[in-house]
Amino acid sequence: MASSKPIPCGPCIEGKVNTKADIWCYNCDEGLCSTCSSHHKRYRLSRDHKTIDIKSYKPSVRAIKTECDKHGQQLNLYCPSHLMPCCDECISISHSKCTGIKSLASIVEKTKIEKSKESVEKDINSVLQLLGKIVNNKSQNIKRGEQEYESIKEFIVKIRNEIDKHLTHLEKKIYQEADTILNQEKSKATDLIAEIEGKQKNLKKMQDQLHTVIPHASKLQSFLGIHQIEQQVHQCQRYIDDLDKDDRAKEFNIKMEKNNEVEKIIKKLGSLGELTVVKTDMDLNKETSVRREAQVEYQEQSNINNMTMNIERDIKN
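Nothing here was measured: the structure is a model prediction, and the numbers come from that model.

1. Here we look at the overall build of the chain
Part 1 of the argument: Along its length, the chain carries 7 helices and 6 strands.
Part 2 of the argument: Secondary structure elements of the chain, listed N to C terminal, follow the sequence α-β-β-α-β-β-β-α-β-α-α-α-α.
Part 3 of the argument: Going through the 317 residues of the chain one by one, you find that 16% of them count as buried.
Part 4 of the argument: Taking contacts inside the chain between residues at least 6 apart in sequence as the whole, the part at least 24 apart equals 50%.
Part 5 of the argument: With the model as given, the accessible surface of the chain reaches about 27400 Å², and the carbon-plus-sulfur share is 52%.

See the structure below:
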């Protein structure tokens, strides 16, 4: 798709002239008008540059640089040991010990570009497939992690509910036992109070009789009356003495003996569980392994085992 915005000629822009480009040079990475393109083709340094019609140029595709990124020199050599094109300075600095350095032009001449393109595209598809599988596996991994997180929360809620349910049961049980004990002790104490109040009532009657009846009775009647009252008072005294042996007269206190196991469990229960992360290798099932190989097809070298030697002698007469 052609660019919607006209591309200017690079050399003309340098000369402060705005001219529309007709040609695009990938090596120079700039557009050329028809005039500049003619000069461009005549110069020795640029006559072999790759150019296309400006209508076929796609601005979204970056030009492939033929210069060294480090030194800015033309890439004109090839190192087979490192499988990379180099400039003169690269060879002298980084590849001085490498053997078999060849000219880049000879390597390019021997290389089957279409076959290399197919091989690289195959590797790209293989890498894309592997990366896609990794992304898919990790996405599924995240979902599983979220499900495991929810399962842990559900487990904690379940345990908590079971503990609460059991504690509620124990709470009701201890309340019922305390209620039964309290009612029993209250009944005993109430019976004793009613019994003692009956004794108090009789003693008051005897006291009234001493003050009202005895003074107006004969001496005999007074003697017998006092004697009868005295016998009843003695019975009350014996009743009071017998209260020491009566369980009803003892004070009661409702106390609860704590179950020490509860505190032991609370102290021992430092956590509801231990969380761990279990790592497992991802099964990528690699069908192909991407390896960097030389794009150049070298001619098959002769094997010394297949060589034969012919000895020729000239006999002089």
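2. Looking at the state of the cysteines
Part 1 of the argument: Overall, the coordinates contain 0 disulfides when judged by the stated rule.
Part 2 of the argument: Free of any disulfide, cysteine 9 has its nearest cysteine sulfur in cysteine 12, 3.6 Å distant.

3. Focus: the pattern of salt bridges
Part 1 of the argument: Under the counting rule described, the total for this entry stands at 6 salt bridges.
Part 2 of the argument: Aspartate 246 serves as the salt-bridge partner of arginine 248, at 2.8 Å between the closest nitrogen and oxygen.

4. Details of the packing of aromatic side chains
Part 1 of the argument: With the rule as written, the count across this model stands at 2 aromatic pairs.
Part 2 of the argument: Summarising the aromatic geometry, the rings of tryptophan 24 and tyrosine 57 are spaced 3.9 Å apart at their centres and angled 15° between planes, so their arrangement reads as stacked. Here tryptophan 24 is found in strand β1 (residues 23-25), whereas its partner tyrosine 57 is found in the loop between β3 (51-53) and β4 (77-79), with 33 residues between them in sequence. Grouping residues by exposure puts tryptophan 24 and tyrosine 57 together as buried.
Part 3 of the argument: Members of the aromatic cluster, each reached through a chain of ring pairs, are Trp24, Tyr26 and Tyr57.
Part 4 of the argument: For lysine 199, the ring lying beneath its charged end belongs to tyrosine 239, and the centroid distance is 4.9 Å.

5. Section: the environment of asparagine 27
Part 1 of the argument: Looking at the element boundaries, asparagine 27 is found in the loop between β1 and β2 (30-32).
Part 2 of the argument: Asparagine 27 gets classed as buried once you look at its relative accessible area, which sits at 17%.
Part 3 of the argument: Between the C-alpha atom of asparagine 27 and that of lysine 50, which follows or precedes it by 23 residues, the distance is 6.4 Å.
Part 4 of the argument: In this structure asparagine 27 touches His49, Lys50, Thr66 and Glu67, once residues within four positions along its chain are discounted.
Part 5 of the argument: At 2.7 Å, the side chain of asparagine 27 forms a polar contact with the backbone nitrogen of lysine 50.

6. Structural notes on the sheet that holds strand β5 (residues 84-86)
Part 1 of the argument: Spatially, the 3 strands line up as an open sheet ordered β5-β4-β6, and their pairing is antiparallel. Each having just a single partner strand, β5 and β6 (102-103) make up the two edges of the open sheet.
Part 2 of the argument: As defined by bridge partners, β4 adjoins β5 across 3 bridges and the pair is classed as antiparallel. Across the sheet, residue cysteine 79 finds its bridge partner in β5, namely methionine 84.

7. Some thoughts on the UniProt feature "coiled-coil region" (unreviewed entry) in the chain
Part 1 of the argument: As recorded in UniProt, the sites labelled "coiled-coil region" (unreviewed entry) are residues 182-209.
Part 2 of the argument: End C-alpha atoms of residues 182-209 are separated by 41 Å, and the span's content is 100% helix alongside 0% strand.

8. A word on the sheet that holds β2
Part 1 of the argument: Taken in spatial order, the 3 strands make up an open sheet running β2-β1-β3, and their pairing is antiparallel. Only two strands of the sheet have a single partner each, and these edge strands are β2 and β3. Recorded for the sheet is a direction-independent mean angle of 30° between the axes of neighbouring strands.
Part 2 of the argument: Pairing of β1 with β2, which is carried by 3 bridges, proceeds in the antiparallel orientation. Following the sheet pairing, isoleucine 23 is matched in β2 by leucine 32.
Part 3 of the argument: Along the sheet, helix α2 (residues 34-42) makes contact with β1, β2 and β3, crossing β2 at roughly 105°.

9. Quick notes on the side chain of histidine 95
Part 1 of the argument: Within the secondary structure layout, histidine 95 lies in the loop between α3 (88-94) and β6.
Part 2 of the argument: When near neighbours in sequence (up to four residues on either side) are disregarded, histidine 95 contacts Cys79, His82, Met84, Cys86 and Cys90.

10. Concerning the packing of helix α5 (residues 113-212) against helix α6 (residues 219-242)
Part 1 of the argument: Remark: α5 packs on α6, axes separated minimally by 11 Å, with the N-to-C direction vectors making an angle of 155°. For the element pair α5 / α6, the angle class is roughly antiparallel. The hand of the α5/α6 crossing is left-handed. In this structure, α5 contributes Leu192, Glu195, Ile196, Lys199, Leu203, Met206, Gln209 and Leu210 to the contact, and α6 contributes Ile226, Ile229, Gln232, Val233, Cys236 and Tyr239.
Part 2 of the argument: For the contact of α5 with α6, the residue count by class is 10 nonpolar, 2 polar and 2 charged.

Parameters at a glance
- Throughout this document, residue positions are counted from 1 along each chain, in the order its sequence is written.
- Two thresholds apply to this predicted model, a pLDDT of at least 70 for residue-level local features and 80 or more for giving and counting side-chain atom pairs, whereas whole-chain, interface and lining totals are computed over all residues.
- Derived side-chain values reflect all non-hydrogen atoms in the structure, with water molecules and hydrogen atoms excluded from consideration.
- In this description a helix means any DSSP run of H or I spanning at least four residues, a strand means any run of E spanning at least two, and both kinds are numbered starting from the N terminus.
- Here's how the labels work: a residue is buried when its accessible area is under 20% of the maximum for its type, exposed when over 50%, partly exposed in between, all with a 1.4 Å probe on protein chains only.
- Contacts are assigned to residue pairs with any non-hydrogen atoms lying within 4.5 Å of each other.
- The protein chains shown are the only cover counted for residues, whose accessible areas, like all others here, come from Shrake-Rupley with a 1.4 Å probe.
- Throughout, disulfides are identified as pairs of cysteine sulfur atoms within 2.5 Å of each other.
- What makes a salt bridge here is a side-chain nitrogen of Lys or Arg within 4 Å of a carboxyl oxygen of Asp or Glu, nothing more.
- Only centres within 6.5 Å qualify two rings of Phe, Tyr or Trp (six-membered ring in Trp) as a pair; their planes then separate them into stacked at under 30 degrees, edge-to-face at over 60, and tilted for everything else.
- The rule is short: NZ of Lys or CZ of Arg within 6 Å of the ring centre and within 35 degrees of the ring normal puts a charge over the ring.
- Pairs of N or O atoms are called polar contacts if they sit within 3.5 Å, as long as, within protein, a hydrogen donor faces a hydrogen acceptor (for residues adjacent in sequence, only side-chain-to-side-chain pairs).
- In this analysis, strands are considered paired if DSSP registers two or more bridges between them.
- UniProt positions are given in the numbering used here, feature names are shortened, and annotations may be inferred rather than shown by experiment.
- Throughout, an axis means a line fitted to C-alpha atoms (over the contacting stretch in the case of helices), and angles, computed between N-to-C directions, take values from 0 to 180 degrees.
- If an angle is under 35 degrees, it is roughly parallel; if it is over 145, roughly antiparallel; if it lies from 65 to 115, roughly perpendicular; otherwise it is oblique.
- Crossings are sorted by hand: turned counterclockwise from the far helix by less than a right angle, the near helix makes the crossing left-handed, and turned clockwise it makes it right-handed.
- Just so you know the grouping, Ala, Val, Leu, Ile, Met, Phe, Trp, Tyr, Cys and Pro go in nonpolar, Asp, Glu, Lys and Arg go in charged, and all remaining residues, Gly too, go in polar.

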